[in-house]
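# Summary of structural features
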Amino acid sequence: MAGGIPIATHSVEGGFLTGRKLIYPLALVISLFFLWGFSYGLLDVLNKHFQTVLGVTKLESTGLQVVYFGGGYLVFSPVAAEVMKRKGYKITILMGLTLYSLGAVMFWPTAHFSKPGNEKASFGGFIVCTWVIACGLATLESAANSYAVVIGDPHTASARLQFCQSWNGVASFIGPLIAAKFFFSGTNANNLVNVQFVYLAVACAGVAIAVLFIFSKLPEVSEKMLNSSTTEENFAIDEFGNEIGSRPLYKQYNMIFGFIAQFCYVGAQVTVASFFINYATDNAPFTSAEASNMLSYALITFTVGRFFATALATIFEADFLLMVYAVIAIAFNAYICAGHGKAAVGILIALFFFEAPMYPTLFTLGTANLGRHTRRGAGILVMGVSGGAVFPPIQGAIADKANTRISYVVPLVGFVYVLGYVTMHWIRHGFHVMRVKGTIDPVRSASVGVIGGATANVHYDADKLEPEHYEGHKNKAEY
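Before going into details, it helps to say that this report is about the structure given with it. (Residues numbered from 1 in each chain as written. Predicted model: local features only at pLDDT ≥ 70, side-chain atom pairs only at ≥ 80, totals over all residues. Heavy atoms only, no water.)

## Quick notes on the overall build of the protein
Looking only at helices and strands, the protein features 20 helices and three strands. Counting across all 479 residues of the protein, residues that qualify as buried make up 58%. A sequence separation of at least 24 residues applies to 82% of the contacts in the protein between residues at least 6 apart. About 19500 Å² of surface is accessible on the protein, with carbon and sulfur atoms providing 67% of the total. (Helix = DSSP H or I, 4+ residues; strand = E, 2+ residues; numbered from the N terminus. Buried < 20%, exposed > 50% of the residue type's maximum accessible area, 1.4 Å probe, protein only. Contact = heavy atoms within 4.5 Å. Areas by Shrake-Rupley, 256 points an atom, 1.4 Å probe, with all protein chains shown as cover.)

## Considerations on the nonpolar core
Residues F50 and F276 are the most contacted members of the largest nonpolar core, which totals 110 residues. In this view, F276 contacts A291, M294, L295, A298, V345, L348, I349, F352 and Y408; residues no more than four positions away in its chain are not counted. Of all hydrophobic cores here, the second largest spans six residues; its members include A309, L312, L321 and Y325. (Core = buried A, V, L, I, M, F, W, Y, C linked by side-chain atoms within 4.5 Å.)

## Here we look at a nonpolar patch on the surface
Where nonpolar side chains cluster on the molecular surface, the patch consists of W108, V193, F197 and L200 and spans about 330 Å² of accessible area. As for its placement among the helices and strands, F197 is situated in helix α8 (residues 193-215). A relative accessible area of 45% means that F197 is categorised as partly exposed. (Patch = residues over 30% accessible without salt bridge, like charges linked within 9 Å, V, L, I, M, F, W, Y side chains within 5 Å. Salt bridge = Lys/Arg side-chain N within 4 Å of Asp/Glu carboxyl O.)

## Here's the deal with the packing of aromatic side chains
What describes a pair of aromatic rings is the distance from one ring centre to the other and the angle between the planes of the rings. A complete count under the given rule lists 18 aromatic pairs for this structure. Centroid distance Y325 to F353: 6.5 Å. Interplanar angle 20°. Geometry classified as stacked. One end of the pair, Y325, is in helix α13 (residues 318-338); the other, F353, is in helix α14 (residues 341-355), and 28 residues separate them in sequence. Accessibility classification places Y325 together with F353 in one group, the buried group. Taken together, a centroid distance of 5.3 Å and an interplanar angle of 65° make the contact between Y325 and F354 edge-to-face. Within this pair, whereas Y325 is found in helix α13, its partner F354 is found in helix α14, the two being separated by 29 residues in sequence. By the burial criterion, Y325 is buried, and F354 matches it. Connected via pairs of aromatic rings, a cluster forms that spans F50, F107, F123, F126 and Y199. (Phe/Tyr/Trp six-rings, centres within 6.5 Å; stacked < 30°, edge-to-face > 60°.)

## Structural notes on the environment of A143
Examined against the element boundaries, A143 turns out to sit in helix α5 (residues 119-150). Take A143: its relative accessible area is 0%, and that puts it in the buried class. Residues within four places of A143 in sequence aside, it is in contact with M84, Y89, T92 and I93.

What follows is the structure in structure tokens.
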């Protein structure tokens, strides 16, 4: 899941790593991506399990998503960024692993003292545990995304970060597979015993990785670079000689509407996954264990969909491609609201494929043509993750009052807004279907950064650039 806040990054002390020297530090960073992908995969499963064992309503169960995305990623990321600025990457990563392991260990006593009659108090305890884990994950994501960029060659930073993030997707579908076996099978379906053991194993994994980081000699950001405030940036001009993005930030309307689209998309994505097991068990003849397995298949579909869309983006314009994906997502979501049985669950799984590329594409479209506001605007786009804390309670309330099937109208609203935004973007930028060569070619500034899991480049739409100035920037990007 995307998260974090804007982080300026610099070259590591002694220069970036290459070849075999890069393998071990990169493997440690990948382990961090794996940890939070696995935790996110378990989160959606716990919704249904707590409904069964603790007797909480669908609305109450969404408290897990509220504290995860709102209390953890949205609130704690600035704290993590400040620690990283003052203490460096290694200390920040160790802090994140400590919080992560502490939250996971706290699941044990909370589950142990869960007795008939104190279910609501127990659920409150699990909310606190989830919040501590989310704070740890927000810290790890803020540090790991940035560290993956700075330890290697800046020219391959984007590819290196994408490779690390792919392990996030791999881990996300392992969580539901484990839950199907240990949470929903036999006598485990009505108790929290195996929840204790699964999260104890999670805590042990966090501690083991922390030990590796403690005894590993990792390159750190040079103090000289951290204290440097001189950053050379060259901004493009349009055909009238005006600097692109020179207007005040509050007048960057594309960025503002892009933020709303990102907010709606993240809210829709989280609700689609959070109520998946409820939908499969309420609206089709599946057990909780079978539904948990299918959630894993849906998350695999999501991962495949992101890679497939990446390939298509080399052929088609990003806004046109996302417009097509949004139309299909709306059609599938509408069927999910009206359909019944196994076919409806199959369509729900297919929906994951078409929502997969929306976050990175909306991020790119929303931060284009911001010029000197790029970093701040990108930070605002990342704040769209807060949609994951707002949409689930709304859907949970509808599911309690009506049913889970009808409640899927909530993500439908989100996808409709996304369609409206990308359609207007496509119209305003010339109705291009096939990708125009050089349109999405980012114009690099002198420094390389990371923002919310994406390399922070100042980039422009080709139709906004004055031709000679565009060629000058393009040549500089090929240094």
